[in-house]
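# Notes for the structure review
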Amino acid sequence: MSEKTVKKKKKRLIFRSTLLVIMLSLVVFAVASAFQEDGVSVEEGEKAPNFALKKFGTDETVELEDYRGKGVMINFWATYCEPCKDEMPYMEELYPKYKKKGVEILAINLDTTDIVVEQFMREYQLTFPILQDKDGQVMNLYNIGPIPSTLFIGPDGKIEETVIGPLTLSKLEGHLQDITPSS
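Model, not experiment: these values are computed from the prediction.

### As for the domain arrangement of the protein chain
On domain assignment, one finds that the protein chain holds domain 1 (1-39) and domain 2 (52-178). Taking the mean C-alpha position of each, domain 1 and domain 2 sit 43 Å from one another.

### Quick look at the pattern of salt bridges
For the structure on display, the rule yields 7 salt bridges. Across the pair Glu 104 and Lys 99 runs a salt bridge whose closest N-O atoms are separated by 3.0 Å. The closest approach of N and O atoms between Lys 134 and Asp 114, which form a salt bridge, is 2.9 Å. Remark: Asp 114 occurs in helix α3 (residues 114-124) and Lys 134 occurs in the loop between β5 (130-132) and α4 (137-141); sequence separation between them is 20 residues. The exposure class of Lys 134 is partly exposed, given its relative accessible area of 40%.

### Structural notes on the packing of helix α2 (residues 82-100) against helix α5 (residues 169-178)
Taken N-terminus to C-terminus, the directions of α2 and α5 make an angle of 30 degrees; their axes are 10 Å apart at the nearest point. When the axes of α2 and α5 are compared, the pair comes out roughly parallel. As α2 runs across α5, the sense of the crossing is right-handed. When α2 is examined against α5, the residues Tyr 90, Met 91, Glu 93, Leu 94, Lys 97 and Tyr 98 are found in contact with a partner set consisting of Leu 169, Leu 172, Glu 173, Leu 176 and Gln 177. Partitioning the contact of α2 with α5 into residue classes produces 7 nonpolar, 1 polar and 3 charged.

### Here we look at α2
With 19 residues, α2 extends 29 Å from end C-alpha to end C-alpha; this agrees with the ideal 27 Å at 1.5 Å per step. Residue Leu 94 marks the point of greatest curvature in α2, where the axis turns by about 40 degrees; the proline Pro 96 follows within four residues. For α2, the elements touching its buried residues are β3 (71-77), β4 (103-109), α3, β6 (149-153) and α5. Gly 102 occupies a position one or two residues after α2 and carries a positive phi of about 95 degrees.

### Quick look at the state of the cysteines
Overall, the coordinates contain 1 disulfide when judged by the stated rule. Disulfide pairing is shown between Cys 81 and Cys 84; the S-S distance is 2.3 Å. Its S-S torsion of approximately 80 degrees makes the covalent link between Cys 81 and Cys 84 right-handed. For the pair Cys 81 and Cys 84, one class covers both residues: buried.

### Considerations on the side chain of His 175
Topologically, His 175 is positioned in helix α5. Look at His 175 and you get buried, because its relative accessible area is 13%. Beyond its immediate stretch of four places on either side in the chain, His 175 contacts Phe 152, Glu 161, Val 163 and Leu 167.

### Considering the packing of aromatic side chains
According to the stated counting rule, one finds 5 aromatic pairs in the structure shown. Residues Tyr 95 and Phe 128 carry aromatic rings whose centres are separated by 5.8 Å and whose planes lie at 70 degrees to one another, so their mutual orientation is edge-to-face. In this pair, Tyr 95 sits in helix α2 while Phe 128 sits in the loop between α3 and β5, placing the two residues 33 residues apart along the sequence. Side by side, Tyr 95 and Phe 128 carry an identical accessibility label, which is buried. These aromatic residues form a ring-pair network of at least three members: Phe 51, Phe 76 and Tyr 142. Of note, Lys 101 hangs over the ring of Tyr 98, and the distance from its end group to the ring centre comes to 5.0 Å.

Calculation notes
- Residues numbered from 1 in each chain as written.
- Predicted model: local features only at pLDDT ≥ 70, side-chain atom pairs only at ≥ 80, totals over all residues.
- Heavy atoms only, no water.
- Domains from an automatic or database assignment.
- Salt bridge = Lys/Arg side-chain N within 4 Å of Asp/Glu carboxyl O.
- Helix = DSSP H or I, 4+ residues; strand = E, 2+ residues; numbered from the N terminus.
- Buried < 20%, exposed > 50% of the residue type's maximum accessible area, 1.4 Å probe, protein only.
- Axes fitted to C-alpha atoms, helices over the stretch in contact; angles between N-to-C directions.
- Parallel < 35°, antiparallel > 145°, perpendicular 65-115°, else oblique.
- Left-handed = near helix turned anticlockwise from the far one by under 90°.
- Contact = heavy atoms within 4.5 Å.
- Nonpolar A, V, L, I, M, F, W, Y, C, P; charged D, E, K, R; others polar.
- Expected span 1.5 Å × (residues − 1).
- Bend = angle between axes of the 7 residues up to and from the residue.
- Disulfide = S-S within 2.5 Å.
- Phe/Tyr/Trp six-rings, centres within 6.5 Å; stacked < 30°, edge-to-face > 60°.
- Lys NZ or Arg CZ within 6 Å of the ring centre and 35° of its normal.

Shown next as C-alpha cells:
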C-alpha cells in the first residue's frame, strides 16, 4: 500500500470515529433530557400550571387562571390529527350545555398555519375557545406527547384526569360531569 492510501484511510477512520462520538453524545443528551424534570407537576391531583395564550383570530389573551372556580377541559389538538377531527363534534355538541353549568372547554391548537385552522373551525362550526400554541410552549409545560390529549381540571384548579387519545361522546360527557362545579 502506498503512503498516500494509508493517510487517506487514517483520515477516514478519524472522521468516522469523530462522527460516531458526536452521534453517541447526542443520543446520551437526548436520553438524559427526556428523564430530566422541569419542575412542573402535571400529575392528576396536582394544581394545573397557569398559561396564557391568544384566542384564535383575536388579540385576546386567555389565561387558565381566568377560569378559577369553573371546571375546565383542556384539549390539545391539530387539524392533521384524524382522532382530533372525530372528537370535535362531540365537544361542540356538549359545549353549550356545560358552559351554562360552569364548565369551559379550551381547545389548544398546535398547528403553525392559521389558514388551515380557520378552515377547520368553519367546517366544524366550533364555538368554544380555540387557543394558539404555535411554538408548543403550553404543550411542553404540560408534557403532552401524542394528540389528542385532554386534561380535565376541577373548580379547585387541580387536574382530575388526563386522557390520551380520542374521547367518545359518552366518555366526554362523563368527564365533563365530573368537573362540573356543585351549585
